[in-house]
Amino acid sequence: MTISNSEKLFDISLIETLPKCPLLEIAVPAGFPSQAHDYIENLLDLNELMILNPAATYFVRVEGNSMIDANIYPGDFLIVDRSEEIADGKIVIGVIDGEVTVKRLRIKNNEYWLCPENVKYKPLRIEPHVDFRVWGVVTWVIHKPV
């Protein structure tokens, strides 16, 4: 079994950066409405917020529903950072014998498990003879509201 970050998949630096957009420095209540303020406090750069290491970051689109209880749905985009530390509890892009998947990595007693976040699916123990690689840690999930 090999636990490692993969080679360069996609160079995010080739993508045109998003423009900075106004950020209103008010909290938007999800409960009862509150009086709004009519001023822009700052500019928000999504590139700076969501992509900490452009040379090690790529996007991937989700297929399937094994991670819906982690709020990752079919059609969502994931931002994946290959420089992020691989650790127990992180959601990772894993490759098992050439098959790519997104799952929560669990490490217990030197055993590696890829765990779905949907009760319809069972965790997968990574056996020592299996070719397993981690292609990065999911740092952000992008999806439209329902």
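All values derive from a computational prediction rather than experimental measurement.

Cut-off values and rules
Throughout, residues of each chain are indexed from 1 in the direction in which the sequence is written. This being a predicted model, a pLDDT of at least 70 is required before a residue's local features are given, and a value of 80 or more before pairs of side-chain atoms are given or counted; all residues contribute to the totals for chains, interfaces and linings. Heavy atoms from the whole structure form the basis of all side-chain values; hydrogens and water molecules are not counted. Secondary structure is summarised from DSSP: a helix means a run of H or I of at least four residues, a strand means a run of E of at least two, and numbering begins at the N terminus for each. To sort residues, take the accessible area from a 1.4 Å probe on protein chains only and compare it with the maximum for the residue type: under 20% means buried, over 50% means exposed, and anything in between is partly exposed. By the convention used here, residues are in contact when the closest approach between their heavy atoms is within 4.5 Å. Any two strands with at least two DSSP-identified bridges between them are counted as paired. To get an axis, a line is fitted to the C-alpha atoms, and for a helix only the part in contact is used. The angle between two axes follows their N-to-C directions and goes from 0 to 180 degrees. In this text, buried Ala, Val, Leu, Ile, Met, Phe, Trp, Tyr and Cys residues form a nonpolar core when linked through side-chain atoms within 4.5 Å. Here, a salt bridge means any side-chain nitrogen of Lys or Arg that lies within 4 Å of a carboxyl oxygen of Asp or Glu.

Chemist: Describe in detail the overall build of the protein chain, supporting the description with residues and values.
Modeler: If you tally the helices and strands in the protein chain, you get one helix and nine strands. When the elements of the protein chain are put in sequence order from the N terminus, they spell out β-β-α-β-β-β-β-β-β-β. Within the protein chain, the fraction of its 146 residues that count as buried is 31%. Taking the intrachain contacts of the protein chain between residues at least 6 apart in sequence as the baseline, contacts between residues at least 24 apart amount to 59%.

Chemist: Report on the pairing of strand β6 (residues 99-108), specifying residues and quantitative values.
Modeler: Along any regular strand, the residues point their side chains to alternate faces of the sheet. Two strands pair when backbone bridges link them, and strand β5 (residues 91-96) and β6 are joined in this way by six bridges, in the antiparallel orientation. Residue pairing for β6: Ile-91 is matched across the bridge by Arg-104. If you look at the hairpin formed by β5 and β6, you'll find two residues sitting between the two strands, and Asp-97 has a positive phi there, around 50°. Both β6 and strand β7 (residues 111-115) contribute to a ladder of five bridges, which runs antiparallel. Within the sheet, the bridge partner assigned to Arg-106 lies in β7 and is Trp-113.

Chemist: Residue-level account of the sheet that holds β5, with values.
Modeler: Judged by pairing direction, the sheet is antiparallel, and its seven strands sit side by side in the order β3-β4-β9-β5-β6-β7-β8 without closing on themselves. The two strands at the open ends of the sheet, each matched to only one other strand, are β3 (57-61) and β8 (124-126). Neighbour-to-neighbour, the strand axes of this sheet turn through a mean angle of 45°, independent of strand direction.

Chemist: Give a detailed account of the nonpolar core, specifying residues and quantitative values.
Modeler: Among the nonpolar cores identified, the biggest contains 12 residues, and these are Tyr-58, Val-62, Met-67, Ile-72, Leu-78, Val-80, Ile-91, Ile-93, Val-95, Val-102, Trp-135 and Val-138. Of all elements in the fold, only β4 (77-81), β5 and β9 (132-142) reach the threshold of two or more residues within this core. When residues in this core are grouped by element, the largest group, three residues, is from β5. Counting 10 residues, the second-largest nonpolar core is a separate cluster that includes Ile-96, Leu-105, Tyr-112 and Val-134.

Chemist: Residues and numbers for the pattern of salt bridges, please.
Modeler: Using the criterion set out here, one finds six salt bridges in the structure. One salt bridge connects Glu-84 with Lys-90, and the closest N-O pair in it is separated by 3.0 Å. The exposure class assigned to Lys-90 is partly exposed, which follows from its relative accessible area of 27%. Salt-bridge contacts for Glu-111 lead to Arg-125; the nearest nitrogen and oxygen are separated by 3.4 Å. Placement of the pair is Glu-111 in strand β7 and Arg-125 in strand β8, with a sequence separation of 14 residues. Residue Glu-111 is classed as partly exposed on the basis of its relative accessible area, which comes to 29%.

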